[in-house]
Amino acid sequence: MIRFEKVSKAYPGQARPALNSLSIDIQKGEFVFLVGQSGSGKSTALKLMLREQRPTTGRVYVAGKEINRLAGWKVPRLRRQVGTIFQDFRLLTNKTVAENVAFAMQVTGHSNREIRQRVPETLELVGLDGKGDRMPDELSGGEQQRVAVARAFINRPMILIADEPTGNLDPGNTVGIMRLLDRINRSGTTIVMATHDVQMVDQMRKRVIELEHGHLVRDQVQGGYGAQF
Amino acid sequence: MQLRYVFTELRQGLRRNLSMHVAVALTLLVSLTLAGVGLLLREQAQLTEEVWGDELQITFYMCNGANDRNPQCAGAVDDSQKKVITDALEDNRYVDKIEEESQEQAYERLQALDVEGVSGPDPVVRAEDMWESYWVTMTDPHHSAEIIEAVAGLDGIDHVGDVHEVTGPILAAVDGLQSAALVGAIVLIVAALLLVANTIRLAAFARRREIGIMRLVGASTLYIALPFLLESLVVALVGIGLSGVALAAVMHFGVEQRLSSTAVTQWVGWEEFFSSFAIVALLGILLTLVPTLLLTRKYIKV
Ligand SMILES: Nc1ncnc2c1ncn2[C@@H]1O[C@H](COP(=O)(O)OP(=O)(O)O)[C@@H](O)[C@H]1O
Ligand SMILES: [Mg+2]
């Protein structure tokens with residue numbers, strides 16, 4: 001589903017490359033943690049999957065296509081197949097919860113009928129039943145992240161990319177979001193999640209890919225954060 | 001495509017940046033009006049040259065035996081005199097082209113100017129009062145003196161038409177005004193471009209969250225750019241409409257009500273107004289949409 005072949009990324013003006021000859025292969029339906037210290041290249045790797053950034057050398061394949069050879073006008077189609085959530089939620093504060101979720105469908109050309117049906121369904125799925133008319137700032141952090149998950153998932157992407165989605169949440173809300181992501185993963189969606197929450201990674205017993213200064217230092221099926229071979 | 005979103009954004013965008021949009025529309029109003037005046041002046045220069053001949057031409061009027069100015073004239077010019085005159089002209093190396101105008105043609109041209117007493121049942125001036133003439137196009141306007149010297153004294157020549165005496169001041173004024181209008185237009189066009197660019201930058205900044213989310217969820221570039229393009233288009237149309245009104249006012253109050261009463265030349269009319277305005281409208285659209293397209297590509301590129 002996602003494959004990196006000797007991918008390096010050097011940002012202009014940076015002495016060290018953010019990623020250094022990284023090769024990984026993620027299968028359809030997998031749940032993968034991307035771990036490593038701050039600055040190890042996790043976010044860069046995720047941006048390359050979305051073509052937010054382009055590799056300096058090497059190839060990135062998503063859903064069988066080498067995405068850097070994709071024509072510019074096809075990039076939106078790629079992004080419709082890849083949902084994204086972030087540490088800072090990125091909600092529109094002037095729109096209600098339901099409007100925030102509907103936004104992702106509106107701007108990708110879905111009909112009002114589809115939107116009216118799918119938005120309540122998805123809000124129920126993420127556990128925000130009956131909160132569609134609230135404004136984002138009336139919700140807890142955990143609830144706001146659920147809105148973001150609903151927005152990322154409403155177009156039923158094949159892949160969900162999460163960049164430290166629990167970084168701003170307390171332990172209780174973290175568990176809630178992880179349960180939600182696990183449930184989405186069980187429905188067949190591939191999930192790649194960057195984090196440095198040791199405890200959580202240990203508990204989930206999923207595949208762990210660890211980066212250090214842009215190098216792959218560990219790729220372990222059902223690993224824990226600190227576990228060694 | 002969900003156009004409701006686009007139009008909601010358009011309305012919000014117009015309201016959010018209202019003062020910038022008013023500035024752009026007013027700048028467009030002035031720059032496009034100046035450009036339109038420049039175009040009308042160009043048309044005016046052409047019309048003046050059509051009526052009076054351009055600066056490369058001199059006109060030799062021949063005796064008509066009715067109201068000659070030259071006491072040497074003994075009745076209307078005859079064919080042998082005309083032969084001598086055309087031979088002299090054809091021999092002159094500064095002569096490029098010779099066109100003959102009959103008394104009737106001269107009369108028609110006079111009627112086109114709509115001077116009082118020329119038309120109607122009992123005109124003061126008739127075709128017989130006009131002079132037959134040779135319109136000589138020179139290879140070089142600086143050598144008019146040589147040609148005049150060679151021909152003016154021949155029998156049958158009544159007088160030499162010095163086009164510059166009549167059209168000179170008109171063309172000089174038109175030229176000066178035209179340059180002033182075009183320089184003003186260019187300066188303001190630069191101002192308009194900068195204002196448009198700044199408006200887009202502000203609008204993109206104000207909407208950066210939405211734009212970021214739209215890109216992430218895979219909205220097409222056109223869809224993201226559409227509110228910007230429509231916003232610019234609305235402002236452009238307002239500016240163009242205002243400049244149309246301003247130009248029409250120039251035509252009505254300036255040309256129709258003041259200049260038309262002085263019949264020294266044929267003045268620009270509504271036909272010239274519409275052709276100039278068409279160019280101005282196109283210019284206004286280009287001035288706003290091209291920078292908008294370029295900048296939205298820059299600010300929202302995927
Ligand atoms: N847009 C950028 N421009 C320049 N350098 C960047 C940019 N983004 C990240 N970097 C650098 O690349 C390295 C990896 O960053 P990042 O991928 O954000 O790591 P992580 O997400 O693991 O913290 C860091 O050294 C960071 O400073
Ligand atoms: Mg990061």
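Residues numbered from 1 in each chain as written. Chains lettered and ligands numbered in written order. Predicted model: local features only at pLDDT ≥ 70, side-chain atom pairs only at ≥ 80, totals over all residues. Heavy atoms only, no water.

Describing the nonpolar core
- Ranked by size, the top nonpolar core spans 73 residues in total, and within it Phe 31, Phe 33, Val 107, Met 178, Leu 181 and Met 193 of chain A together with Met 214 of chain B carry the most contacts.
- In contact with Met 214 of chain B, other than residues within four places in its own chain, are Phe 103 and Val 107 of chain A together with Tyr 5, Arg 207, Ala 219, Tyr 223 and Ile 224 of chain B.
- Judged by nonpolar contacts, the second largest core, of 28 residues, contains Leu 22, Leu 48, Met 49 and Leu 70 of chain A. (Core = buried A, V, L, I, M, F, W, Y, C linked by side-chain atoms within 4.5 Å. Buried < 20%, exposed > 50% of the residue type's maximum accessible area, 1.4 Å probe, protein only. Contact = heavy atoms within 4.5 Å.)

Some words on the environment of Val 174 of chain B
Residue and element names in this part refer to chain B.
- Along the chain, the position of Val 174 falls in helix α6 (residues 163–206).
- Using a relative accessible area of 6% as the deciding quantity, one classes Val 174 as buried.
- Along the chain, Val 174 and Asp 87 lie 87 residues apart, while their C-alpha atoms are 37 Å from each other.
- Apart from residues lying up to four places away in sequence, Val 174 is in contact with Leu 41, Gln 44 and Ala 45. (Helix = DSSP H or I, 4+ residues; strand = E, 2+ residues; numbered from the N terminus.)

Looking at the state of the cysteines
Residues and elements named next belong to chain B.
- A full pass over the atoms with the stated rule returns one disulfide over all chains.
- Put simply, Cys 63 and Cys 73 are joined by a disulfide, and their sulfur atoms are 1.9 Å apart. Around the S-S axis, the bridge from Cys 63 to Cys 73 shows a dihedral of about -70° and counts as left-handed. Here Cys 63 is found in the loop between β1 (57–62) and α3 (79–91), whereas its partner Cys 73 is found in the loop between β1 and α3, with 10 residues between them in sequence. Cys 73 matches Cys 63 in its accessibility class, with the two residues each being buried. (Disulfide = S-S within 2.5 Å.)

As for the UniProt feature "transmembrane region" (unreviewed entry) in chain B
Residues and elements named next belong to chain B.
- According to UniProt, the feature "transmembrane region" (unreviewed entry) maps to residues 21–41, 180–200, 221–253 and 273–295 in the numbering used here.
- Overall, residues 221–253 shows 100% helix and 0% strand. The separation of its end C-alpha atoms is 47 Å.
- Annotated as residues 273–295, this span is 100% helix and 0% strand, and its ends, taken at the C-alpha atoms, are 33 Å apart. (UniProt positions renumbered as here; feature names shortened; annotations may be inferred.)

Here's the deal with a positive patch on the surface
- On the surface, a cluster of positive charge is contributed by Lys 65, Lys 74, Arg 77 and Arg 80 of chain A.
- Along the chain, the position of Arg 77 of chain A falls in helix α2 (residues 75–80). (Patch = residues over 30% accessible without salt bridge, like charges linked within 9 Å, V, L, I, M, F, W, Y side chains within 5 Å. Areas by Shrake-Rupley, 256 points an atom, 1.4 Å probe, with all protein chains shown as cover. Salt bridge = Lys/Arg side-chain N within 4 Å of Asp/Glu carboxyl O. Lys, Arg positive; Asp, Glu negative; His and termini not counted. Charge placed at Lys NZ, Arg CZ, Asp CG, Glu CD.)

Things to note about the sheet that holds β1 of chain B
Residue and element names in this part refer to chain B.
- Taken together, the four strands give an open sheet; going across it, the order is β2-β3-β1-β4, and neighbouring strands pair in antiparallel fashion. The two strands at the open ends of the sheet, each matched to only one other strand, are β2 (95–101) and β4 (157–161). Here the strands of the sheet are splayed against their neighbours by 20° on average, with no regard to which way each runs.
- Inspection of the sheet shows β2 paired to strand β3 (residues 133–138) by six bridges, in the antiparallel sense. In the strand pairing of β3, Lys 97 is matched with Thr 137. (Pairing = 2+ DSSP bridges. Axes fitted to C-alpha atoms, helices over the stretch in contact; angles between N-to-C directions.)

Examining the site of ligand 1
All names here are of chain A.
- The environment of ligand 1 is formed by Tyr 11, Gln 14, Ala 18, Gln 37, Ser 38, Gly 39, Ser 40, Gly 41, Lys 42, Ser 43 and Thr 44.
- Thr 44 places a polar side-chain atom, nitrogen or oxygen, 2.5 Å from an oxygen atom of ligand 1.
- Taken by itself ligand 1 offers 550 Å² of open surface, and the protein chains cover 64% of this.
- Grouping the amino acids of the shell around ligand 1 by side-chain chemistry returns two nonpolar, eight polar and one charged. (Near = heavy atom within 4 Å. Polar contact = N/O pair within 3.5 Å; in protein donor to acceptor, adjacent residues only side chain to side chain. Nonpolar A, V, L, I, M, F, W, Y, C, P; charged D, E, K, R; others polar.)

What to know about helix α4 (residues 112–125) of chain A
Residues and elements named next belong to chain A.
- The end-to-end C-alpha separation of α4 is 20 Å, in line with the 20 Å expected for 14 residues at 1.5 Å each.
- Every buried residue belonging to α4 is among Ile 115, Arg 118, Val 119, Thr 122 and Leu 123, and all of these are buried.
- Gly 127 lies just past α4 and shows a positive phi near 85°. (Expected span 1.5 Å × (residues − 1).)

Remarks on the pairing of β4 of chain B
Residue and element names in this part refer to chain B.
- Most of β4 sits inside the fold, with four of its five residues counted as buried.
- Both β1 and β4 contribute to a ladder of four bridges, which runs antiparallel. Bridging from a neighbouring strand, Met 62 pairs with Ile 157 of β4.

Regarding the pattern of salt bridges
- Evaluated as defined, the whole model comprises 19 salt bridges over all chains.
- Glu 114 of chain A serves as the salt-bridge partner of Arg 118 of chain A, at 4.0 Å between the closest nitrogen and oxygen. With Arg 118 of chain A and Glu 114 of chain A both in helix α4 and four residues apart, this pair spans about one turn of that helix.
- For Arg 207 of chain B, the salt bridge is made with Glu 9 of chain B, and the minimal N-O distance between the two is 2.8 Å. Residue Arg 207 of chain B is found in the loop between α6 and α7 (208–217), and its partner Glu 9 of chain B is found in helix α1 (residues 3–16); the two are separated by 198 residues along the sequence.
- Overall, the relative accessible area of 2% leaves Arg 207 of chain B in the buried class.
- Given a relative accessible area of 4%, Glu 9 of chain B falls into the buried group.
- Residues joined by salt bridges that share partners form a network here, namely Arg 3, Glu 5, Arg 59, Glu 66 and Arg 69 of chain A.

With respect to the packing of aromatic side chains
- For the structure on display, the rule yields five aromatic pairs over all chains.
- Consider the rings of Tyr 61 of chain B and Trp 131 of chain B, whose centres lie 5.9 Å apart with planes at 65°: the pair is edge-to-face. Here Tyr 61 of chain B, found in strand β1, pairs with Trp 131 of chain B, found in the loop between α4 (103–112) and β3; they are 70 residues apart in sequence, far enough to count as distant.
- Overall, the relative accessible area of 15% leaves Trp 131 of chain B in the buried class.
- Sitting above the plane of the Tyr 61 of chain A ring, Arg 3 of chain A keeps its charged end 4.6 Å from the centroid.
- A cation sits over an aromatic face here: Arg 90 of chain A above Phe 86 of chain A, 3.7 Å from the ring centre. (Phe/Tyr/Trp six-rings, centres within 6.5 Å; stacked < 30°, edge-to-face > 60°. Lys NZ or Arg CZ within 6 Å of the ring centre and 35° of its normal.)

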